[in-house]
Amino acid sequence: METVNFGELLAQIDVEMQRLGWTREEEREHLKRNYGERSRTLLAYKELLDLLQYLYLVSQPTPTLEEVLIAKINVEMQRLRWTTEQGREHLKENYEKRSLTLLTEVELLDFLQYLISLPTSPLEILIAKINVETERLRQTTEQRQEHLKKNYKKRSLRDLQENKIPIKLE
């Protein structure tokens, strides 16, 4: 059985409380309201972990809508394998702006919806399916690379597409 270090856990809780600027009275009120106790020392280990997670989440800054939209746009651009230049060209043609940070929230949402509406390439779908299957088989990245080198003389699945090599699934 694993040894539990309560001292380290309590120290981490102290750090998060200081980050939030909580007083001992605010801590007691939170503990009473959520755990029915007035002191951390009366909490079980799982309750202390729960408290630490709560404090950590509360202490993190909440992203703005603009930050969330830009992050989602970046994910979609990666999914579509767009380059930065392709993104800039689209912004220039459709919004007359050079950067995502210059778009309004409405324009960001419009651009995100446009990207979401674009289909994923068949190659990306195939690579995703292969990745799922190799994870199911518990195959490491090194094992997959070795398989590709041995059978196709290539290092990655994308290299196969460049030469239009038919993929054999084993």
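Residues numbered from 1 in each chain as written. Predicted model: local features only at pLDDT ≥ 70, side-chain atom pairs only at ≥ 80, totals over all residues. Heavy atoms only, no water.

**Let's talk about the overall build of the protein chain**
Looking only at helices and strands, one finds nine helices and zero strands in the protein chain. Along its sequence from the N terminus, the protein chain presents helices and strands in the succession α-α-α-α-α-α-α-α-α. Looking at the 170 residues of the protein chain, the share that counts as buried comes to 24%. In the protein chain, of all internal contacts separated by at least 6 residues, the share reaching a separation of at least 24 is 53%. Roughly 12500 Å² of accessible area belongs to the protein chain as shown, and the carbon and sulfur atoms make up 52% of that amount. (Helix = DSSP H or I, 4+ residues; strand = E, 2+ residues; numbered from the N terminus. Buried < 20%, exposed > 50% of the residue type's maximum accessible area, 1.4 Å probe, protein only. Contact = heavy atoms within 4.5 Å. Areas by Shrake-Rupley, 256 points an atom, 1.4 Å probe, with all protein chains shown as cover.)

**Things to note about the packing of helix α5 (residues 84-95) against helix α6 (residues 105-117)**
Across the interface, α5 lies against α6 with an axial gap of 12 Å and an inter-helix angle of 120 degrees. Comparing their axes, α6 and α5 come out oblique. Here the hand of the crossing between α5 and α6 comes out right-handed. Where α5 approaches α6, its residues H90, L91 and Y95 are matched on the opposing element by E107, D110, F111 and Y114. Grouping the amino acids of the contact of α5 with α6 by side-chain chemistry returns four nonpolar, one polar and two charged. (Axes fitted to C-alpha atoms, helices over the stretch in contact; angles between N-to-C directions. Parallel < 35°, antiparallel > 145°, perpendicular 65-115°, else oblique. Left-handed = near helix turned anticlockwise from the far one by under 90°. Nonpolar A, V, L, I, M, F, W, Y, C, P; charged D, E, K, R; others polar.)

**Brief notes about α5**
A rise of 1.5 Å per residue sets the reference length of α5, with its 12 residues, at 16 Å; its end C-alpha atoms lie 16 Å apart and thus fit the reference within 8%. Buried residues belonging to α5 abut α4 (65-80) and α6. Positive backbone phi, approximately 55 degrees, marks E96, located one or two places after α5. (Expected span 1.5 Å × (residues − 1).)

**Topic: the environment of V68**
Take V68: it is sitting in helix α4. A sequence separation of 40 residues divides V68 from L108, and the C-alpha atoms of the two residues are 9.9 Å apart.

**Examining the confidence of the model for the protein chain**
Any region with low pLDDT has predicted coordinates that should not be read closely. Averaged over every residue, the pLDDT of the protein chain is 85; the share at 70 or more is 89%. Per-element confidence in the protein chain is highest for α6, whose mean pLDDT is 95, and lowest for helix α9 (residues 157-162), whose mean pLDDT is 63. (pLDDT = per-residue confidence, 0-100.)

**Here we look at the pattern of salt bridges**
One pass over the structure, following the stated rule, counts nine salt bridges. Between R19 and E16 there is a salt bridge, with the nearest N and O atoms lying 3.6 Å from each other. Linking R19 with E16, this pair stays in helix α1 (residues 6-20), spanning three residues, or about one helical turn. Accessibility expressed as a relative area gives 7% for E16, which makes it buried. (Salt bridge = Lys/Arg side-chain N within 4 Å of Asp/Glu carboxyl O.)

**Considering the side chain of T134**
Among the secondary structure elements, T134 is positioned in helix α7 (residues 122-136). For T134, a relative accessible area of 11% puts it in the buried group. Among all residues touching T134, those that are not within four sequence positions of it are Q139 and R144.

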